[in-house]
Amino acid sequence: MTVTSVNEDFDQLELTLAADFDAPVERVWQLWADPRMLERWWGPPAYPATVDEFDLNPGGTVSYHMTGPEGDQPHGWWKVDSVAPPTRLEFTDGFSDDHGEPLSDSPRIGMRVTLSRRGTAGSGTRMELSSTFRNEHEMHQMSDMGMAEGMREAAEQMDRLLD
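Residues numbered from 1 in each chain as written. Predicted model: local features only at pLDDT ≥ 70, side-chain atom pairs only at ≥ 80, totals over all residues. Heavy atoms only, no water.

1. Observations regarding the pattern of salt bridges
Considering all chains together, one arrives at eight salt bridges under this definition. Notably, a salt bridge pairs R117 with E26, separated by 2.6 Å at the nearest N-O pair. Of this pair, R117 sits in strand β7 (residues 108-118) while E26 sits in helix α1 (residues 25-33), and the two are 91 residues apart along the sequence. The class of E26 is partly exposed, set by a relative accessible area of 38%. Between R36 and E39 there is a salt bridge; the shortest N-O distance is 2.9 Å. (Salt bridge = Lys/Arg side-chain N within 4 Å of Asp/Glu carboxyl O. Helix = DSSP H or I, 4+ residues; strand = E, 2+ residues; numbered from the N terminus. Buried < 20%, exposed > 50% of the residue type's maximum accessible area, 1.4 Å probe, protein only.)

So, in structure tokens, the structure goes:
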């Protein structure tokens, strides 16, 4: 199993996933940095993503939608805060309307991706994905939606792309 831990800490308002990959950091980074690769793993398997806009630079925006088994299309966005290829990415994640405008009444999640070398030869990668919530209500809301399991499923899809 690629995912080594998933921890929901309601006291710290943080959900953290750690995963180990048998691929170099630069290769794992490409799964985040290439919009066509991102589409192949971002979100649950039953809701494949389509990236509509992709600017992975500080201040940039990533917008996407997912298509569910019944044809529904939830939309989401990222506001990129900082990028340090190939080891770190920070962004705010949220839901949007059909035109990519952030929904004012939906959670906003601070996301931090950290990639580090692992293994004796440094040929593997440890990915830590930390999600920080503004308040307990939003964290419970996302937990009830199955965010932890969705993150696990996404990491497993990443692993298959790295084979």
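2. Details of the environment of V28
Tracing the sequence through the fold places V28 in helix α1. Residue classification places V28 among the buried residues on the basis of a relative accessible area of 0%. Between the C-alpha atoms of V28 and L162, which are 134 residues apart in sequence, the distance is 7.5 Å. Residues in contact with V28, not counting those within four places in the same chain, are F21, A23, L115, T125, M158 and L162. (Contact = heavy atoms within 4.5 Å.)

3. What to know about the nonpolar core
Soluble, globular proteins show a tendency: their nonpolar side chains are buried together. One finds W32, W41, W42, W78, L89 and M127 to be the most contacted residues of the largest nonpolar core, which totals 42 residues. Of the residues forming this core, the biggest block, eight residues, is contributed by helix α4 (residues 147-162). Dropping the residues within four chain positions of it, L89 is found in contact with W29, W32, L56, W78, V80, S82, V83, M111, R112 and V113. (Core = buried A, V, L, I, M, F, W, Y, C linked by side-chain atoms within 4.5 Å.)

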